[in-house]
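One-letter residues, chain by chain:
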Amino acid sequence: MSKLPTIVYNVLRDHWYKLKSYSRAGDGGGDTNTLDMGSRSSLHTGLQMSEDEHWEMNYHEAAIYLEEGLNNEKFDSHPSSPEELPAYLRVHNPWYHGLDLLASLVLILLAFTEDPAVPAFELPVWAHGTIELLALSVIGIELHLKLKWIGWGTIFKHKRTMIKGVTLLIMLLEAVVVLCRQSSHFRVTRALRPIFLVDTRHCGGVRRFIRQILQSLPPILDMLGLLMFFVATYSLLGYYLFSEHIDNGHFRTLSDSFVSMFVLLTTANFPDVMMPSYAKSKWYAVFFILYIITVLYVLMNLMLAVVYETFTRIEREKCRALLLHRRGAARRAFRLLVSRRAPHAVKLRHFAGLIRHYAPHYSGLDVYLMFKQLNQSTTGGLSRTEFANVYEVFALRWAPQTSRAPWYADSPLEPLGRAAAVIVHRPYFEYVIYALIIGNGLAMVLRVLEAAGDLQDSARLLCASWDTWLFLTLFLIEAALRIMACGLSAYLESGWNVFDLSVTLLALMGAVLLTIAPKLFIVVMFRPLRLMRLYKLKKRYRDVFGTLVLLSPLMSSAGCVMLVMYYFFAIIGMELFAGYNLRNCCINTTVEDFYKYSENSSTPLGYYYLNNFENILTSGVTLFELTVVNNWFILMNAFASVAGQLSRLYFMVFYLFTMVVLTIVVASVLEAFRFRIQYKRSTTKRDEEKLLHEEVHTSWEEAQRLGATGDLAEQLRTYLPPGIDVTFIGTRPRTKEVLQRRMYQTEIQKWLAEEVENDELQPSTTVTSSEDPLSPPLIQQPDGDNHHIRSGYQL
């Protein structure tokens, strides 16, 4: 035991007494015949330990494999020796994940405090420099620990880790320089700080979205090349057609012509760019009309079609890769859970040991029901094929079938519950509710049309008058009836119910606040929200809202990617343009009027000088205006006037980046909507019920036959009375991943068949170890001239 690393010993000690009852009752503890020992974990290679310790290490490594499968981590970073395990466990600790996320966020937020800083958050150089070094040190420790178990050779194969390491080294050197000089220098590398945030465990969805962007780039670049060809061609033609027109400054030089046509691609300067030439001859309009039709309505839409097709293919390939990766993780875990007496099946005892490490929050009943659900062959052990479906049962939440009875059964509130159920399930109940919602809407319209003395009186009439209290009371009664009829938990399972209750409570809070503080006008938005329930009446709106639910994880990832891109360009913009003052700039240019400023008065156009890069917040607003593209060329021309013509590249590149990301976002929305429509057309309510619910029939006697002993048996005894068959219902959430298994049934069968075929074609590389008669066969994995041998069964 002394040879084990301290942290491994602690892990074993924590679970020792829990396992002891299983091992004594099931296999006789440490005195069991050693022939029952399974494949030897690589985490205790060369260490002497008892059989119970041996199994604990196997459970621990099998749980690590399943975790790597769940997080889509490469198996080449799996710890392969006792010395590597402590570093691996520290880095994969949830507390360290939180610390890593905190350090990354601190680095991002330092942009508010560094020069050019937001005035309210500015810090001295020594303060933000010290904070930066501390945050970088935390990230550096994580990389150091990762190096301890991965090694230099493997890290060089991990591009993301290698980029992170190089960026960390550069930033450490720059932070030291800043502290030594006590002043900031030109640090455009600060734009790379989001790399650390994206690499954290909590941003897995963001990494997947970025990966999809990178995988979609080849067709996008192809279409961009074609697009730029037409822009350049029309720019050349426009130069020769219009450069001699003295009053047309858009085509004075070739560069002016290209910039004008590039801006026209976004339609921001149309028809301004056309009008001087149009004044010369009406036929010149043909040039601009053909250009817009070609690049905007044909090529841009073709780009969206190409990206959509690529995104759909990538989405399907991602589903395939994740499915096969998880099955690969399950196979690796399976090898560590089988015993020599049963080399082709995982017993309940070993499955329980795995779950104890992988998901310790699961109860003994959950473990047993998951095992029973997987064991479709009813052989008493999980075959490799059955165990491969282990991820599907982790999402199930189990409840006895008796719990599906009304919540008020055998309760003093049963009369009230039954009466509420009768009312709620009446056909006209929903019509009454919709009539109330329509009446609420009409009352609001009348209040808006009603004359009021001032804004306070108008707001109070709209959201705090007697009709407001009447409708809110009726809506609260409706919520109470629904809760009494189906129970609070069942009521909250419906997204529409949660929405109705939330907006009703918000409107109630708004009415109270408006009564107390009449100037709090923002609360007037709460009362109209209940009208959105009317959109549920139309199927198309239901499809739209259902698509939004499916898209919510993807949209959050896309939003994070947009913020990262904004941060990247904001830092670069501050480094390049923070020192320029745009007030009264651009004299004798076409955008002069937009930047005229006077202390006494200023025209609405003159406020454009506020669009600058003086700090991170202002830069974000400026970049958002550029994203909208309305009048974005005015900003570009202003900075070109004060900072030089090459500054136009910054704004053009930003537009291209946002166009690519937003095109992929649109493609993802189209794909999700198409997926939902196809799913609805091919799936009935009964099919969906079968997909989201699983039934398990069992008894106390069957649990004993399957090997439920010790603590597990004690936990099951409460739920499984002797001599009675009990049915449990397992419910899984309605996520896109679950729906994909339904939609891709044919493809999944094909993928699994190809996997089996590939496994059968691979030559056997198993050799026998003669050093330890108790050790399993060794798997020899050739790798060029080097041959690494790791222990484990090849099944």
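Residues numbered from 1 in each chain as written. Predicted model: local features only at pLDDT ≥ 70, side-chain atom pairs only at ≥ 80, totals over all residues. Heavy atoms only, no water.

Observations concerning the sheet that holds strand S2 (residues 693-698)
Taken together, 3 strands build an open sheet; the order of strands is S1-S3-S2 and the sheet is antiparallel. This sheet does not close on itself; its edge strands, each paired only once, are strand S1 (397-400) and S2. Between one strand and the next, the sheet's axes are offset by a mean angle of 25°, whatever the strand orientation. Summarising the sheet, S2 and strand S3 (residues 726-731) pair through 6 bridges and their orientation is antiparallel. Note on S3: the bridge partner recorded for His693 is Thr731. Across the sheet, helix H14 (residues 364-374) touches S1, S2 and S3, and the angle it forms with S2 is around 100°. (Pairing = 2+ DSSP bridges. Helix = DSSP H or I, 4+ residues; strand = E, 2+ residues; numbered from the N terminus. Axes fitted to C-alpha atoms, helices over the stretch in contact; angles between N-to-C directions. Contact = heavy atoms within 4.5 Å.)

Observations concerning the UniProt feature "transmembrane region" (unreviewed entry) in the protein
Here the UniProt-annotated "transmembrane region" (unreviewed entry) positions come out as residues 223-242, 254-271, 283-308, 469-492, 504-526, 547-569 and 649-673. What you have in residues 283-308 is 92% helix and 0% strand, and the ends, taken at the C-alpha atoms, are 37 Å apart. Measuring from the first to the last C-alpha atom of residues 547-569 gives 31 Å, for a span that is 100% helix and 0% strand. (UniProt positions renumbered as here; feature names shortened; annotations may be inferred.)

Some words on empty space enclosed by the protein
Tallied over the entire structure, the rule returns 3 cavities of 30 Å³ or more. The computed volume of the largest cavity comes to approximately 60 Å³. Lining the largest cavity are Asn440, Thr468, Phe471, Leu472, Phe475, Val503, Thr504, Ala507, Phe526, Arg527 and Arg530. At the level of secondary structure, the elements contributing two or more residues to the lining of the largest cavity comprise helix H20 (466-486) and helix H22 (495-516). With 4 residues, the top contributor of residues to the lining of the largest cavity is H20. Partitioned by chemical class, the residues of the lining of the largest cavity number 6 nonpolar, 3 polar and 2 charged. (1 Å grid on protein atoms, 1.4 Å probe; cavity = no way out; pocket = protein on both sides within 12 Å on 5 of 7 lines; lining within 4 Å. Points joined across faces, edges and corners; volume = space filled by probe spheres on them. Nonpolar A, V, L, I, M, F, W, Y, C, P; charged D, E, K, R; others polar.)

Overview of the packing of aromatic side chains
One pass over the structure, following the stated rule, counts 38 aromatic pairs. Ring centres of Phe287 and Phe288 lie 5.0 Å apart, and the angle between their planes is 90°; on these two criteria the pair is classed as edge-to-face. Like Phe288, Phe287 is buried. Judged by centre distance (5.1 Å) and plane angle (70°), the ring pair of Phe594 and Tyr608 falls under edge-to-face. One end of the pair, Phe594, is in the loop between helix H23 (539-577) and helix H24 (616-628); the other, Tyr608, is in the loop between H23 and H24, and 14 residues separate them in sequence. Both residues of the pair, Phe594 and Tyr608, belong to the buried class. (Phe/Tyr/Trp six-rings, centres within 6.5 Å; stacked < 30°, edge-to-face > 60°. Buried < 20%, exposed > 50% of the residue type's maximum accessible area, 1.4 Å probe, protein only.)

Focus on the side chain of Ser260
One can find Ser260 in helix H10 (residues 254-265). Relative accessible area serves as the criterion here: at 7%, Ser260 is assigned to the buried category. Setting aside residues no more than four positions away along its own chain, Ser260 makes contact with His250, Asn269 and Val273.

Section: the packing of helix H9 (residues 204-242) against H10
Packed helices, taken two at a time, are described by the angle between their axes plus the distance between the axes. Two numbers describe how H9 lies on H10: the axes approach to 8 Å, and their chain directions differ by 130°. Relative to H10, the element H9 is oriented oblique. Between H9 and H10 the crossing geometry is right-handed. Each of Leu227, Met228, Val231, Ala232, Tyr234, Ser235, Leu236, Gly238 and Tyr239 in H9 lies in contact with H10, whose residues at this interface are Leu254, Ser257, Phe258, Met261, Phe262 and Leu265. (Parallel < 35°, antiparallel > 145°, perpendicular 65-115°, else oblique. Left-handed = near helix turned anticlockwise from the far one by under 90°.)

As for the pattern of salt bridges
On inspection of all chains with the given rule, the structure shows 25 salt bridges. The closest approach of N and O atoms between Glu56 and Arg356, which form a salt bridge, is 2.8 Å. Highlighted residues: Glu56 in helix H2 (residues 51-70) and Arg356 in helix H13 (residues 348-358), separated in sequence by 300 residues. Residue Glu56 shares its accessibility class with Arg356, and that shared class is buried. The residue Asp199 makes a salt bridge to Lys164 at a minimum N-O spacing of 2.8 Å. One end of the pair, Asp199, is in the loop between helix H8 (194-198) and H9; the other, Lys164, is in helix H7 (residues 159-181), with 35 residues separating them in the sequence. (Salt bridge = Lys/Arg side-chain N within 4 Å of Asp/Glu carboxyl O.)

A closer look at a positive patch on the surface
On the surface, a cluster of positive charge is made up of Lys74, Lys159, Arg208 and Arg211. With respect to the helices and strands, Lys159 occurs in helix H7. (Patch = residues over 30% accessible without salt bridge, like charges linked within 9 Å, V, L, I, M, F, W, Y side chains within 5 Å. Areas by Shrake-Rupley, 256 points an atom, 1.4 Å probe, with all protein chains shown as cover. Lys, Arg positive; Asp, Glu negative; His and termini not counted. Charge placed at Lys NZ, Arg CZ, Asp CG, Glu CD.)

What about H13?
Most of H13 is tucked away: 11 of the 11 residues are buried. The complete set of buried residues in H13 reads Leu348, Arg349, His350, Phe351, Ala352, Gly353, Leu354, Ile355, Arg356, His357 and Tyr358.

Looking at the layout of surface pockets
Where empty space is left becomes clear once a probe the size of a water molecule has been rolled over the atoms. Counted as a void, the second largest pocket has a volume near 2,000 Å³. Taken together, 46 residues form the lining of the second largest pocket, with Ala490, Glu493, Ser494, Gly495 and Asn497 sitting closest to its centre. Of all the elements, H23 adds the most residues to the lining of the second largest pocket, at 7 residues.

Concerning the packing of H10 against helix H26 (residues 648-682)
Relative orientation of the contacting elements H10 and H26 amounts to 25°, with a least axis distance of 12 Å. With respect to H26, the element H10 is oriented roughly parallel. Judged by the twist between their axes, the crossing of H10 over H26 is left-handed. From H10, Phe258, Val259, Phe262 and Leu265 reach across to H26, where they touch Arg648, Met652, Tyr655 and Leu656.

Topic: the nonpolar core
Tyr291, Tyr595, Leu623, Trp632 and Phe651 are the most contacted members of the largest nonpolar core, which totals 85 residues. In contact with Leu623, other than residues within four places in its own chain, are Tyr566, Phe569, Ala570, Phe613, Tyr650 and Phe654. Leu365, Tyr368, Ala708 and Leu716 belong to the second largest nonpolar core, which has 49 residues in total. (Core = buried A, V, L, I, M, F, W, Y, C linked by side-chain atoms within 4.5 Å.)

Details of the side chain of Ser647
Within the secondary structure, Ser647 sits in the loop between helix H25 (632-643) and H26. The buried category is assigned to Ser647, whose relative accessible area is 7%. One polar contact links the side chain of Ser647 to the main-chain amide nitrogen of Ala640, over a distance of 3.4 Å. Separated by 2.6 Å, the side chain of Ser647 and the backbone oxygen of Gly644 make a polar contact. Once you skip the residues sitting within four places of it in the chain, Ser647 turns out to touch Phe577, Phe639 and Ala640. (Polar contact = N/O pair within 3.5 Å; in protein donor to acceptor, adjacent residues only side chain to side chain.)

A closer look at unusual backbone geometry
A cis amide bond links Asp115 to the next residue, Pro116, at an omega of 0°. Take Pro116: it is sitting in the loop between helix H4 (94-109) and helix H5 (125-150). Here the residue pair Phe270 and Pro271 is connected by a cis peptide bond, since its omega of 10° sits within 30 degrees of zero. With respect to the helices and strands, Pro271 occurs in the loop between H10 and helix H11 (275-280).

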